[in-house]
Every structure is written in C-alpha cells, then in structure tokens.
Amino acid sequence: MTITYHDLYMNTRTALSAAGIEGAQLEAREILCAAAGKTAEELYRDISLYTNEDVAQRAQALLERRLTGEPIAYLVGEWSFCGLPFYVSSAALIPRIDTEMLAQLAMNRLKECPGNTRILDLCAGTGCVGLTAAALLKTTRAVLVDLSDGALELCKRNIRRHKLTGRAVYLKGDALQAPSHALGQFDVLVCNPPYIPTGDLASLDPSVKDFEPLLALDGGEDGLDFYRGITELWKPALKPGGHLLYEVGIGQAEKVAWLLVKAGYENIRITRDTGGIDRVVEGQRPKEREIPDVLHETMEEEE
C-alpha cells in the first residue's frame, strides 16, 4: 500500500491525539523524521511525496512504543537543550527546559571570570549543562563526571557531536565520594543530582518512573542526600571565589540554601525558573583573605 508522508503524518498525529498525548503535532513530526531519517526541513519539503513500506513500518513501531508511555526523546534518540541538540538514551535523564536555567546561570558566572575558565558538571547525565557552557563560551573547558557507564557513553558522543574534543572530557566518578586532587579546581561546579525522595518515586508519572534511570532520580529518604554529600565533599574542587550551582526540586530550595550556609558558602542565591518555581540554588566559596603585612608596615614606621 502506497502512502504519502502527509498521510502517514496525519495518521500518527491522530493516534497520538486519541491517546491524550499533548503536543501530538510536534511528536508526530519527530516520529516521522526519525523513521525516515530526515530533518524537519526535509520532511516538510517531501511531505506530498510517497513514502515506502520500510518507513511506514518504522513509524508504526515508534508510535506503538510512544503509546506505551515511552518518552518521545528516547524514541528519536536526541533532544534539544538551550537550542543545541544532544544524544539521549534511557541511561540518563532527558534534558529539560527547567534545567536550562541552571546552564544559563552557570554561564553567567563563568563570564564574570577573567581569562580561561573550567566548569565541572557533576552527575552529568548527557553532559548537556557542561557542554552547553563549553560550546557557547569558547574560553571554557568542561569536565563531565558521572557514575553510570551508559551516561558516560552519552557524554562521549555529545562531546564529539559538538566538536569539543580537547576542551571537554568525561570521567567516571561517585558524587558521594571525595574527588581526586588530580581533577584540579574549577571556577564553576554545576550539579543536577538525584533529588526525588525515595517514597515519592512510585507516584511519579509513568513516563518517568518506568523509563528514566532510577539512579538519576532517587535522592534518598528526604531527597537531599546528594546535596549534603556534594556540598561538603566537593568544596575543595572549587577555586576560592568559585561558584557551586544546584538544580533543586519543588520545595527544596531553602533547605539546600541552608546546607550551603552551614558549609561556609557565601552569596547564597535562589533563582526561579520560567514557571516561577525556585529551581537553582547557588553559593560561592569564600575568596582567600589577604593578610596585611603588619610586620612590614611596623618596620617602615620605625624607620
């Protein structure tokens, strides 16, 4: 049976809409692009042409997976973050627009630093935050750290995709263990850690709890395990005057800010995302205080 791309698109969109999926129009386009191996521009160009049975079958298979609740990003294998494309898989969380605030604030802090800068993306997942900074700020180098081998594979692929070999590296590491001195120090440390309280995991949307990695979601009994550990253990990885920035869950901002206060960080800030939710908590490692040369001054007075 012959069918045009337009007909295949309409059939896919109708099925998604009938299943109550929001954004059915966009998702139908993404499914067809993935099935046909075309960009959105190429799909629009060829929309009136006939497709073939292989494309139709691939589109149907992707549609069936989507109707079971699997996120569209995992179906197509990539997703946009801060306007840049990133490879994704079920080994890491899907980059979300909420996290773009974390990336933007991190870049703002890096711009405040003179000369070449370094950013550490801890619990990096796809590496989207650190790599966005390195891609958009040409004087910035990024180190991506994650415990998951699958996530590190994504980091490697995304480094290559954005031609950042030489300015970005990925390393296996546990955020709840003290870092090696070999890492050196950074101007900015960003982290979007697991922050869902263990008892809340079962109530998450099926598209999250059934498909996204538990390792990247479970933040312990109160959701704050990683904030406690990282705030203390990774402080030496920041330069004096360096900035630590966290993404936080709903209702966690003030508790995380207090952890930073108790650990001696200064200039604590809480920033809301575009939805008006407190989303990013940041603090600054105190700068080294200059000790006046009292002895030298005294000797000058005596002379």
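The notes below deal with the structure included here.

## Here we look at the overall build of the chain
At step 1: Along the backbone of the chain there are 12 helices and 9 strands.
At step 2: Overall size of the chain, expressed as C-alpha extent along the three principal axes, is 100 × 40 × 35 Å.
At step 3: Looking at the 303 residues of the chain, the share that counts as buried comes to 48%.
At step 4: Relative to all contacts within the chain whose residues are 6 or more apart in sequence, the contacts with residues 24 or more apart total 65%.
At step 5: Total accessible area on the chain stands at roughly 15,500 Å², and carbon and sulfur atoms take up 52% of it.
At step 6: Distance from the positive charge centre (32 side chains) to the negative charge centre (44 side chains) of the chain: 5 Å.

## Quick notes on the packing of helix H10 (residues 225-233) against helix H11 (residues 253-262)
At step 1: Close contact between H10 and H11 brings their axes to 10 Å; oriented N to C, the two are set at 20 degrees. Taken together, the axes of H10 and H11 lie roughly parallel to each other. In terms of crossing hand, the pair formed by H10 and H11 is right-handed. Residues Tyr227, Arg228 and Thr231 of H10 form the contact with H11, whose participating residues are Val256, Leu259 and Leu260.
At step 2: Of the residues in the contact of H10 with H11, the class split is 4 nonpolar, 1 polar and 1 charged.

Calculation rules
- Residues numbered from 1 in each chain as written.
- Predicted model: local features only at pLDDT ≥ 70, side-chain atom pairs only at ≥ 80, totals over all residues.
- Heavy atoms only, no water.
- Helix = DSSP H or I, 4+ residues; strand = E, 2+ residues; numbered from the N terminus.
- Buried < 20%, exposed > 50% of the residue type's maximum accessible area, 1.4 Å probe, protein only.
- Contact = heavy atoms within 4.5 Å.
- Areas by Shrake-Rupley, 256 points an atom, 1.4 Å probe, with all protein chains shown as cover.
- Lys, Arg positive; Asp, Glu negative; His and termini not counted.
- Charge placed at Lys NZ, Arg CZ, Asp CG, Glu CD.
- Axes fitted to C-alpha atoms, helices over the stretch in contact; angles between N-to-C directions.
- Parallel < 35°, antiparallel > 145°, perpendicular 65-115°, else oblique.
- Left-handed = near helix turned anticlockwise from the far one by under 90°.
- Nonpolar A, V, L, I, M, F, W, Y, C, P; charged D, E, K, R; others polar.

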